Amino acid sequence: MRLAMVRMEGLPQPARVDAAGKRYWPVSALAPGLPTDMAGLIAVLAKGATIPEPQDEGQPLREEMLAAPLPNPPRNIFCVGKNYHAHAKEFAGSGYDSSSTSAADAIPKAPIIFSKPFTSISGPLDDIPLWPGIDQGVDYEAELAVVIGTGGRNIARAEALKHVFGYTVVNDVTARDLQGTHKQWLLGKGIDGFCPMGPWIVTADEIGEKPLRITCNVNGEARQHASTADLIFDVPELIETISRSMTLLPGDVIATGTPEGVGIGFKPPRFLRDGDVVECAIEGIGRIRNTLRHQAG
Ligand code: MG
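What counts as what
Residues numbered from 1 in each chain as written. Predicted model: local features only at pLDDT ≥ 70, side-chain atom pairs only at ≥ 80, totals over all residues. Heavy atoms only, no water. Helix = DSSP H or I, 4+ residues; strand = E, 2+ residues; numbered from the N terminus. Rg over C-alpha atoms; globule rule 2.2 N^0.38 Å. Buried < 20%, exposed > 50% of the residue type's maximum accessible area, 1.4 Å probe, protein only. Contact = heavy atoms within 4.5 Å. Areas by Shrake-Rupley, 256 points an atom, 1.4 Å probe, with all protein chains shown as cover. Lys, Arg positive; Asp, Glu negative; His and termini not counted. Charge placed at Lys NZ, Arg CZ, Asp CG, Glu CD. Salt bridge = Lys/Arg side-chain N within 4 Å of Asp/Glu carboxyl O. Arc of directions from axis to C-beta. Core = buried A, V, L, I, M, F, W, Y, C linked by side-chain atoms within 4.5 Å.

Some points on the overall build of the chain
Right, so step 1: In terms of helices and strands, the chain carries seven helices and 19 strands.
Right, so step 2: What you see for the chain is a C-alpha radius of gyration of 18 Å, in line with the 19 Å of a compact globule of 297 residues.
Right, so step 3: A total of 297 residues make up the chain; the buried ones form 55% of that total.
Right, so step 4: For the chain, long-range pairs separated by at least 24 residues make up 75% of all intrachain contacts whose partners lie at least 6 apart in sequence.
Right, so step 5: Just so you have it, the chain exposes about 12400 Å², and 52% of that area is on carbon and sulfur atoms.
Right, so step 6: Between the centroid of the 28 positive side chains of the chain and the centroid of its 35 negative side chains there is a distance of 3 Å.

Okay, here's the thing in structure tokens:
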């Protein structure tokens, strides 16, 4: 099942979307009475509520109707730093990595977890804002994001995938200069509009455990091309690690990290500029496409 937030008469509401992404059915019509916010909907679905299969042809879906599928997770998005070998090396060698002081510790020995404010979430086609004064080191990071269904604490690795509701695509947009200057990642990654998400959530039963191809293009040029099989710490390990510290909640999002090919991997770095178009795609889920736009203030 694919669940999107579709703008109906201007207001984003949960809807089922067909495999082609061309038709939709409002959840309010398929299953009246279920929550109309995605986090609330995920919580009841994780407890056993169901959305029936559509019995009619639904409504035509235009991509501009899509909003971020989970605009209101219960708290900040969990993120994972340096979770692909090749990216960990390019980051450590870039001069922007304040978490690593030598080549010897470029590859983390345990997951590096940080968070991105949920207020940074934007839609799958929304512009990425270039805010005055913090617009000179903006970079892209295509990532597989996990959406938690059933919450829990101390979730064992072997049980972890039972807690996954589904998956979506995020671009963990980052202002590298702030990431370096402030020796921490929150300010550079928490900027308003720096977490495009979508185009929808694909439930875990459709994805299974197979590796997924993940790509990022900038202005049509391939920049990132990897497989989620290359994750240093896989989804079960991330769930086990985070839930050892805090209870995971329905609707929590874990962005699993980005592969090699980000802008600071180039010499000189290739930062994003006004008008650039960034496309992040994951096999079996879909793609998000966002244009960089200067903001007045
Ligand atoms: Mg990232």
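Now that the structure has been shown, the text picks up again.
A word on the pattern of salt bridges
Right, so step 1: Inspection of the entire model under this criterion finds 18 salt bridges.
Right, so step 2: Arg289 is the partner of Glu63 in a salt bridge, and the nearest nitrogen-oxygen pair spans 3.0 Å. You can see Glu63 sitting in the loop between strand 4 (59-60) and strand 5 (66-67) and its partner Arg289 sitting in strand 19 (residues 286-294), a full 226 residues away along the chain.
Right, so step 3: Between Asp252 and Arg75 there is a salt bridge; the shortest N-O distance is 2.7 Å.

What to know about helix 3 (residues 85-92)
Right, so step 1: When helix 3 is considered as a whole, its buried residues turn out to be His87, Ala88, Glu90 and Phe91. Across the axial projection of helix 3, the buried residues extend over an arc of 165 degrees, all falling on one side.

With respect to the nonpolar core
Right, so step 1: Counting residues in hydrophobic clusters, the biggest one holds 88 residues, and the most contacted among them are Leu3, Val6, Leu70, Ile239, Ile254 and Ile285.
Right, so step 2: Tallying contributions element by element places strand 11 (residues 142-148) first for this core, with six residues.
Right, so step 3: Here Leu3 is in contact with Ala15, Arg16, Val27, Met38, Leu41, Leu45, Ile51, Pro69, Phe165, Trp200 and Ile201, once residues within four sequence places are set aside.

Considering unusual backbone geometry
With glycine set apart, most residues show a phi of negative sign, and most peptide bonds adopt trans.
Right, so step 1: Along the chain, Gly198 connects to Pro199 via a cis peptide bond; the corresponding omega equals 0 degrees.
Right, so step 2: Within the secondary structure layout, Pro199 lies in strand 14 (residues 195-203).
Right, so step 3: Going from Lys267 to Pro268, the amide bond is cis rather than trans, its omega being -5 degrees.
Right, so step 4: With phi around 50 degrees, Asn219 is a residue other than glycine that occupies positive phi space.
Right, so step 5: Tracing the sequence through the fold places Asn219 in the loop between strand 15 (213-218) and strand 16 (221-227).

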